[in-house]
Amino acid sequence: MNTTTIETGNRDEAVKVRLTLKECLIGEPQFYKRVAMVVLPMIVQNTLSNIVGLLDNIMVGQVGTLSMSAVAIVNQILFIFYLCIWGSLAGAGIFSTQFFGKGDYEGVRYAIRFKLITALTILSMALLVLYFNSQRLVGLYISSDTPPADAATTLSYGISYMNIMLIGLIPFSLTQVYASAMRESGKTILPMLAGMTAMLVNFVFNALLIFGLFGFPKLGVLGAAVATVISRFVEFSIVVTGAHKKNTKYSFFKGLYKNFRIPTHLIWPIMSRSLPLLCNEFLWSLGQAFLLQAYSVRGIAVIAAMNISGTISQIFNEVFLSIGNSAGIIVGQELGADRLVSARRTAWRMAALSFLSTIIMGGLLAICSPIIPQFYNIEPDIRQLASRYILVVAFVMPIHSFAHVSYFTLRSGGKTLVTFLFDSCFTWAVSVPAAYILSRYTNIYVVNVFMTVCLLDLIKCTIGFILVKSGVWVRNIVKAA
């Protein structure tokens, strides 16, 4: 029988436990019940969000290729901000998760306060940078060989769309502070319901404002931005009300603003883990923006096709993305409770579950690849290009899933410098140079360039496997806090 040796990771007590391979990869029913309680609300919320996003994308696509390309460009730029917020909250989230596993609610409140300060700081900086540089940023994605009239129209759409979307960054940032704390406690229902309500509001107002239905003004692309901003304020209202109402099950929010302080002995430990994660998410998202810019030199049609591919693929990717996120939560709680052997076993089980999910979802995505692009009001060659991009995403989904779950496993133990090297440094050292060189200095078909860059993540998976197996991340960082 195959066996494996896992260590507790405790420096003071180097305990080794021999387990069968089956025990490492397949859990008991109680394990899957616990995973389902955390991951299913995430999958439901995010999948519905992505479906609504797809419908929104199709609505914008009815306005035309240029408007859809403008929206895709702005969303890629804003994606950098979104990941900076998520990354900045993640360092405190590691402590929040482990404090919750320890049963220390005051510690959870300290972590949430740190999140609030961080989110508001980043929000203020981002609003200034994006507002005063919108024209320059959008212009980076418009290829020099684009007809002048098309370039001017795309730029105009993009700037107007961004200026409205900036308003929505305010409720988005504060919502993430609250919702992330709820998810880290394992209580994910309220964020899910708030997100679902926001999606419905977004979808309805998209239809009303893009096409001018029932007497509403016909705003086109700008209507999509207004609808998004409205939905984000709705989501924020629901989450905050649920967190602070009487008899709330989120008792760690009680007294959050009373005696608002963070113990000095916690500030540096949290910050030392937050800064690498913030830098990682910023550089990784900037890398993704640069990748799109690299592909965009092949023409405006590439942006439109990749936008369609990314929107539909996100729906099918959501299962493994949610499993990866929940791995960070569940493994982190095990570490905080000082169940170090269980944490390692859980990490491998989550990896196996994530990989298995991609076999199913990747197959379904491949089946859908020729169908979804037909719903867009675009040229036939862009539909064909989008279908090919979708097939590539379906093929590489297992690779991306293992890299994703490895990242969150390493992060759960506070190894944020390691995750920085593993994630964003790999993107800039390998993926970005490859995309830049292949797109500009070769005549390789653009879809094959995209596939080559994706397959390079096999290197990342190998590194992730070695790091997870080594157990360098197996640490209880709140034991003495």
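For the protein chain, the helix and strand inventory stands at 15 helices and two strands. Taking 23 Å as the expected radius of gyration for a compact globule of 481 residues, we find that the protein chain reaches 22 Å, a close match to that expectation. With respect to the three principal axes, the spread of C-alpha positions in the protein chain is 70 × 55 × 35 Å. For the protein chain, with 481 residues in total, the buried portion stands at 57%. Restricting the contact set of the protein chain to residue pairs at least 6 apart, pairs at least 24 apart contribute 82%. Here the protein chain has roughly 20000 Å² of accessible surface; of this, 67% comes from carbon and sulfur atoms. Side chains of the protein chain carry 36 positive and 20 negative charges; the gap between the two charge centres is 6 Å.

A word on unusual backbone geometry. Of note, the phi angle at F214 is positive, near 55°, even though the residue is not glycine. Looking at the element boundaries, F214 is found in the loop between α7 (189-211) and α8 (221-244). Residue classification places F214 among the exposed positions, given a relative accessible area of 77%. Not every positive phi belongs to a glycine, and N259 is a case in point at roughly 55°. With respect to the element layout, N259 can be found in the loop between α8 and α9 (264-296).

Looking now at the environment of N443. Among the structural elements, N443 can be located in the loop between α13 (416-441) and α14 (446-455). Judged by relative accessible area, N443 falls into the exposed class, the value being 81%.

What follows covers the packing of helix α3 (residues 65-102) against α9. For the pair α3 and α9, interaxial distance at closest approach is 8 Å and the crossing angle is 155°. The orientation of α3 relative to α9 falls into the category roughly antiparallel. In this structure, the crossing between α3 and α9 has a hand that is right-handed. Across the contact of α3 with α9, the residue classes tally to 19 nonpolar, seven polar and two charged.

With that out of the way, let us pick up the pattern of salt bridges. This model, assessed by the stated rule, comprises six salt bridges. Here E184 makes a salt bridge to K115, at a shortest N to O gap of 2.8 Å. Of this pair, E184 sits in helix α6 (residues 148-184) while K115 sits in helix α4 (residues 105-132), and the two are 69 residues apart along the sequence. With respect to class, E184 is no different from K115; both count as buried.

Okay, the environment of V472 next. Tracing the backbone shows V472 in the segment after α15 (457-470). Since its relative accessible area comes to 36%, V472 is described here as partly exposed. As for V472 and G413, which are separated by 59 residues in sequence, their C-alpha atoms are 8.4 Å apart.

A few words on the nonpolar core. In terms of nonpolar packing, the biggest core is built from 142 residues, with F81, F253, Y295 and Y389 touching the most fellow members. Leave out the neighbours within four places in its chain, and F253 touches I112, Y178, A181, M182, A243 and H244.

Our next topic: the confidence of the model for the protein chain. Of all residues in the protein chain, 92% attain a pLDDT of 70 or more, and the chain-wide mean is 83. Averaged over each element, pLDDT in the protein chain is lowest for strand β1 (residues 3-7) (47) and highest for α14 (94). Ignoring residues within four places in sequence, the model shows residues 1-17, a span with pLDDT below 50, making 32 contacts including any to other chains.

Another aspect to go through is the side chain of S401. For S401, the location among the structural elements is in helix α12 (residues 380-412). Setting aside its immediate chain neighbours within four residues, S401 contacts F320, S354, F355 and T358.

Let us look at the packing of aromatic side chains. Going through the model one piece at a time under the given rule, you end up with 19 aromatic pairs. On the basis of an interplanar angle of 85° and a centroid distance of 5.1 Å, the ring pair of Y131 and F132 is categorised as edge-to-face. Aromatic ring contacts, followed pair by pair, group F81, Y82, W86 and F172 into a single cluster. The ring of F422 carries the charged tip of K460 above its face, separated from the ring centre by 5.4 Å.

With that settled, consider helix α10 (residues 300-336). Maximum bend of α10: about 50°, positioned at N317. Positive phi appears at D338, one or two residues downstream of α10, with a value of about 65°.

You can see S69 is positioned in helix α3. The residues touching S69, leaving out its near neighbours within four places in the chain, are I300, I303 and A304.

Moving on to the packing of α6 against α8. Where α6 contacts α8, the axes come no closer than 8 Å and their chain directions differ by 15°. With respect to each other, α6 and α8 are oriented roughly parallel. Seen along the crossing, α6 lies across α8 with a hand that is left-handed.

Taking 1.5 Å per residue as the helical rise, α12 with its 33 residues ought to reach 48 Å, and the 46 Å between its terminal C-alpha atoms agrees with that figure. At V396, α12 shows its largest kink, close to 50°, and the proline P398 lies no more than four residues downstream. Here α12 lies mainly inside the structure; 26 of its 33 residues are buried. One or two residues past the end of α12 sits G414, with phi positive at roughly 85°.

Before going further, it helps to examine the state of the cysteines. Inspection of every chain in the model, using the stated rule, returns zero disulfides. Distance from the sulfur of C84, which forms no disulfide, to the nearest cysteine sulfur (C279) is 8.9 Å. Accessibility expressed as a relative area gives 9% for C84, which makes it buried.

What counts, and where the lines are drawn
- Residues numbered from 1 in each chain as written.
- Predicted model: local features only at pLDDT ≥ 70, side-chain atom pairs only at ≥ 80, totals over all residues.
- Heavy atoms only, no water.
- Helix = DSSP H or I, 4+ residues; strand = E, 2+ residues; numbered from the N terminus.
- Rg over C-alpha atoms; globule rule 2.2 N^0.38 Å.
- Buried < 20%, exposed > 50% of the residue type's maximum accessible area, 1.4 Å probe, protein only.
- Contact = heavy atoms within 4.5 Å.
- Areas by Shrake-Rupley, 256 points an atom, 1.4 Å probe, with all protein chains shown as cover.
- Lys, Arg positive; Asp, Glu negative; His and termini not counted.
- Charge placed at Lys NZ, Arg CZ, Asp CG, Glu CD.
- Axes fitted to C-alpha atoms, helices over the stretch in contact; angles between N-to-C directions.
- Parallel < 35°, antiparallel > 145°, perpendicular 65-115°, else oblique.
- Left-handed = near helix turned anticlockwise from the far one by under 90°.
- Nonpolar A, V, L, I, M, F, W, Y, C, P; charged D, E, K, R; others polar.
- Salt bridge = Lys/Arg side-chain N within 4 Å of Asp/Glu carboxyl O.
- Core = buried A, V, L, I, M, F, W, Y, C linked by side-chain atoms within 4.5 Å.
- pLDDT = per-residue confidence, 0-100.
- Phe/Tyr/Trp six-rings, centres within 6.5 Å; stacked < 30°, edge-to-face > 60°.
- Lys NZ or Arg CZ within 6 Å of the ring centre and 35° of its normal.
- Bend = angle between axes of the 7 residues up to and from the residue.
- Expected span 1.5 Å × (residues − 1).
- Disulfide = S-S within 2.5 Å.

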